[in-house]
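Listed below are the residues making up each chain.
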Amino acid sequence: MNFLGREPYMPPAWCDTLRDPPTTRVHLRTGPSPVHAWRPACIARAAASAGVPCLELWIVRDDMNAGVELSGNKVRQLELLLADAIEKGADCIVTTGAVNSNHCRATAIASRLLGLEPHLVLRVEPAGDSFQDAATQVERCYAGNLFFSHLAGAVVYAGHAKAFAAHGFDKPVQACAENLRTSGRRPYVIPKGGSTRVGVWGYLSAVDELLVHFAGRMPHHIFVAADTAGTTAGLFLGLKLMSEAAEREDVQGESAICMDSPRGTRAIVHAVTVGANSPAAVRARCAQLAAELGVSIDAADLDTYLRCHDGGREGYARHDPVVAATVAAVAVETGVMLDTTYTAKALMVLTELIASEPDTFAPGRSRVVFWHSGGVLGACGQGEQIFGDAVGELARGGRARVLPLEQLGPGCTATD
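Colleague: When you look at the overall build of the protein chain in this model, what are you seeing that I'm missing?
Modeller: A count of helical and extended segments in the protein chain gives 14 helices and twelve strands. Within the protein chain, the fraction of its 416 residues that count as buried is 53%. In the protein chain, the share of contacts with a sequence separation of at least 24, taken over all contacts with a separation of at least 6, comes to 80%. For the protein chain, the exposed area adds up to about 17,900 Å²; of that, 53% sits on carbon and sulfur atoms.

Colleague: Would you explain the packing of helix α2 (residues 74-87) against helix α3 (residues 102-113) in this entry?
Modeller: When two helices pack together, their arrangement is captured by the angle between the axes and the distance separating the axes. Relative orientation of the contacting elements α2 and α3 amounts to 45°, with a least axis distance of 10 Å. As judged from the angle between their axes, α2 and α3 are oblique. Viewed along their axes, α2 and α3 form a crossing whose handedness is right-handed. Every residue of α3 that contacts α2 at K74, L78 and L82 is listed here: H103, A106, T107, A110 and S111.

Colleague: Explain the state of the cysteines here, please?
Modeller: Here a disulfide denotes a covalent bond joining the sulfur atom of one cysteine to the sulfur atom of another. For the structure on display, the rule yields zero disulfides. This cysteine, C176, is not joined by any disulfide, and C92 carries the nearest cysteine sulfur, 7.9 Å off. Look at C176 and you get buried, because its relative accessible area is 7%.

Colleague: Whenever I open this one, the side chain of T107 confuses me. Can you help?
Modeller: Tracing the chain through its elements places T107 in helix α3. Residue classification places T107 among the buried positions, given a relative accessible area of 0%. Here the side chain of T107 touches H103 through a polar contact of 2.8 Å, landing on its backbone oxygen. Setting aside anything within four residues of it in sequence, one finds T107 in contact with L78, I93, T95 and I190.

Colleague: Can you walk me through the sheet that holds strand β10 (residues 268-273) in this structure?
Modeller: Each strand in a sheet pairs with its neighbour through backbone hydrogen bonds, running either in the same direction (parallel) or in the opposite one (antiparallel). Across the sheet, six strands lie side by side as β3-β4-β12-β9-β10-β11; this open sheet has mixed pairing. Every interior strand has two partners, whereas the edge strands, β3 (35-37) and β11 (306-310), have only one. Averaged over all pairs of adjacent strands, the angle between their axes in this sheet comes to 25°, without regard to strand direction. Packed on one face of the sheet, helix α9 (residues 230-248) meets β9 (221-226), β10, β11 and β12 (367-372) and runs near 160° to β9.

Conventions and cut-offs
Residues numbered from 1 in each chain as written. Predicted model: local features only at pLDDT ≥ 70, side-chain atom pairs only at ≥ 80, totals over all residues. Heavy atoms only, no water. Helix = DSSP H or I, 4+ residues; strand = E, 2+ residues; numbered from the N terminus. Buried < 20%, exposed > 50% of the residue type's maximum accessible area, 1.4 Å probe, protein only. Contact = heavy atoms within 4.5 Å. Areas by Shrake-Rupley, 256 points an atom, 1.4 Å probe, with all protein chains shown as cover. Axes fitted to C-alpha atoms, helices over the stretch in contact; angles between N-to-C directions. Parallel < 35°, antiparallel > 145°, perpendicular 65-115°, else oblique. Left-handed = near helix turned anticlockwise from the far one by under 90°. Disulfide = S-S within 2.5 Å. Polar contact = N/O pair within 3.5 Å; in protein donor to acceptor, adjacent residues only side chain to side chain. Pairing = 2+ DSSP bridges.

Quick look at the structure:
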């Protein structure tokens, strides 16, 4: 593997009907994301209570795909987007998101790795009402994804949430890019979340990667957190196209597909919205991205291959003690670290769905893939604020303890 090198991009064989695939990619990931069996206690309890004995749960670890500071689902998209930026002669990258955006942090780190200057247009919700309050809050932030963006030397433009409510994300980003062009720079703009017709190919390839891992056995369900819908669109469109290829029996080799589901059933993506966009908006964006790639999507396609669930709870990136408790419990039980904005909410929806719709996971429909999209860096420096109560509850239950070393006896005290 030529890390940070460029190479021709090879789209999956079953994507041959799509228009304008990318031509190059840069190596940002360290290899295929790990995939392993996973059994959080909340899933085991829900399955046992609902009478779903055959549930087969796997987790795709996109949180482990590119090193600590760069990990997460956005890396798959950035491999293609930043290759496109380099091909077009860019010397800097402009993107946007919330103040603690995983996408913006990953873009800042990846840009620096490739010699490009990152410019981040961030939406801030300060305690005060003035626009200066937004800038002050960002300048003094040494936590979460923003901390890593600062370390990478990103140029940050802090905007009050009111400005984004009035103008959306696109206008401020374009204004930033135009200002850079005026000063002689060559910016490449990546929209919020990297969810573009170029970026979506990252998750079309991810479906192919999953097929290879499972030797062509289709998962019956894929659960993933959703916001700007680029990841969801790639998975949804990938499942649709590979299912159609399986029916034609025209895909061979490592990614040949075994149709071992009962007749009339299809693999389906379960997109769990997290409070920023509605389920309807995610569905519409998936159809729009498919159309940009030359695929006409109708309501029947969406109903067959995609279900959107509202997992927003208290709202996007809002502190929720129940979600925090889920993160803490799963970490103790399985060693997998979820995040409170995205992945924990997706797991909670999966748990609730097993309890409320057990027939959805009946024998022959019980192979489930949970897609870990990353995000844990967002909690760095905010542990007490987010997880204080949850860790305290674990301690009271005897699962997270701090003990004095001296109680172990000789060799462990200051006076030995």
